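Listed below are the residues making up each chain.
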Amino acid sequence: MPKVIILPHPELCPDGAALEGQSGETILDVALRNGIELEHACEKSCACTTCHCVVREGFDSLEPSDELEDDMLDKAWGLEPESRLSCQARLADEDLVVELPKYTINLASERH
C-alpha cells in the first residue's frame, strides 16, 4: 500500500504525517480519513482550487491531470509544476510526499 507523507503545515498538520493509502484513492480522501481537514469547497468535484497541493516526491507515478483540472490549477495560489488538486490526484503504487500550501484563494474556510 502506498503512503502519503504530508509535510508539516502550521495549521492543518503541524507535525507532518505518514498516512496509509490504497491505489486508486485520492490524496484528499486519504488526508480526510486520517483527520487532516484539507479544504474542499466544491465537495471534490474539481470546481475550485481549495484542495491544491504540491507533490514533492512521486509526482510521476500519478495519472496525468486532465484539461478541467489544469484549468482550475491555473487559478491556484502558489502554483508549481508539481501542483495537483488533491481531490483529483489518485494514488498508484508509489509513495508520495505532499506539501500543503500555506494559503488558498478562499477568503473564508469551509470547515467540513
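Residues numbered from 1 in each chain as written. Predicted model: local features only at pLDDT ≥ 70, side-chain atom pairs only at ≥ 80, totals over all residues. Heavy atoms only, no water.

Chemist: Mind showing me how you'd approach the nonpolar core here?
Modeler: In this structure, Ile6, Ile27, Ile36 and Val98 are the most contacted members of the largest nonpolar core, which totals 25 residues. Mapped onto this core, the elements with two or more residues apiece are strand 1 (3-6), strand 2 (17-20), helix 1 (27-33), strand 3 (52-57), helix 2 (67-73) and strand 5 (96-99). For Ile36, the residues in contact, after removing those within four places along its chain, are Ile6, Leu12, Cys13, Ala17, Leu19, Ala31 and Leu100. (Core = buried A, V, L, I, M, F, W, Y, C linked by side-chain atoms within 4.5 Å. Buried < 20%, exposed > 50% of the residue type's maximum accessible area, 1.4 Å probe, protein only. Helix = DSSP H or I, 4+ residues; strand = E, 2+ residues; numbered from the N terminus. Contact = heavy atoms within 4.5 Å.)

Chemist: Is there a simple way to think about the pairing of strand 5 in this case?
Modeler: The side chains of a regular strand alternate between both faces of the sheet. The sheet contact formed by strand 1 and strand 5 spans 3 bridges and is parallel. Of the residues in strand 5, the one forming a bridge with Ile6 is Val98. Here strand 3 runs beside strand 5; their pairing, made up of 3 bridges, is antiparallel. Looking at the pairing, Glu57 lines up with Val97 of strand 5. (Pairing = 2+ DSSP bridges.)

Chemist: I'm lost on the sheet that holds strand 3 in this one. Help?
Modeler: Hydrogen bonds between backbone atoms are what pair the strands of a sheet, whose relative direction is either parallel or antiparallel. Sheet architecture is open: 5 strands sit in the order 2-1-5-3-4, paired in mixed fashion. Edge strands, defined here as strands with exactly one partner in the open sheet, are strand 2 and strand 4 (83-85). Across the sheet, the axes of successive neighbouring strands diverge by a mean angle of 35 degrees, strand direction being ignored. Looking at chain direction, strand 3 and strand 4 are connected through 3 bridges and run antiparallel. When the bridges of strand 4 are listed, Cys53 appears paired with Arg84. (Axes fitted to C-alpha atoms, helices over the stretch in contact; angles between N-to-C directions.)

Chemist: Would you take a moment to explain unusual backbone geometry for this structure?
Modeler: Most peptide bonds adopt trans geometry, and most residues besides glycine take a negative phi value. Not every positive phi belongs to a glycine, and Lys44 is a case in point at roughly 70 degrees. Position of Lys44 among the secondary structure elements: in the loop between helix 1 and strand 3. Positioned with a positive phi, Cys46 is a non-glycine residue whose angle comes to about 65 degrees. As for its position among the elements, Cys46 is in the loop between helix 1 and strand 3.

Chemist: Would you mind showing me how to read a negative patch on the surface here?
Modeler: On the surface, a cluster of negative charge is contributed by Asp66, Glu67, Asp70, Asp71 and Asp74. With respect to the helices, strands and loops of the structure, Glu67 is situated in helix 2. Given the relative accessible area of 62%, Glu67 is considered exposed. (Patch = residues over 30% accessible without salt bridge, like charges linked within 9 Å, V, L, I, M, F, W, Y side chains within 5 Å. Areas by Shrake-Rupley, 256 points an atom, 1.4 Å probe, with all protein chains shown as cover. Salt bridge = Lys/Arg side-chain N within 4 Å of Asp/Glu carboxyl O. Lys, Arg positive; Asp, Glu negative; His and termini not counted. Charge placed at Lys NZ, Arg CZ, Asp CG, Glu CD.)

Chemist: How should the environment of Gly21 be read in this particular structure?
Modeler: With respect to the helices, strands and loops of the structure, Gly21 is situated in the loop between strand 2 and helix 1. Residue Gly21 is classed as buried on the basis of its relative accessible area of 0%. C-alpha of Gly21 to C-alpha of Asp93: the two residues are 72 residues apart in sequence and 9.4 Å apart in space. Every residue in contact with Gly21, bar those within four places of it in the chain, is listed here: Met1, Pro2, Val30, Arg33 and Leu91.

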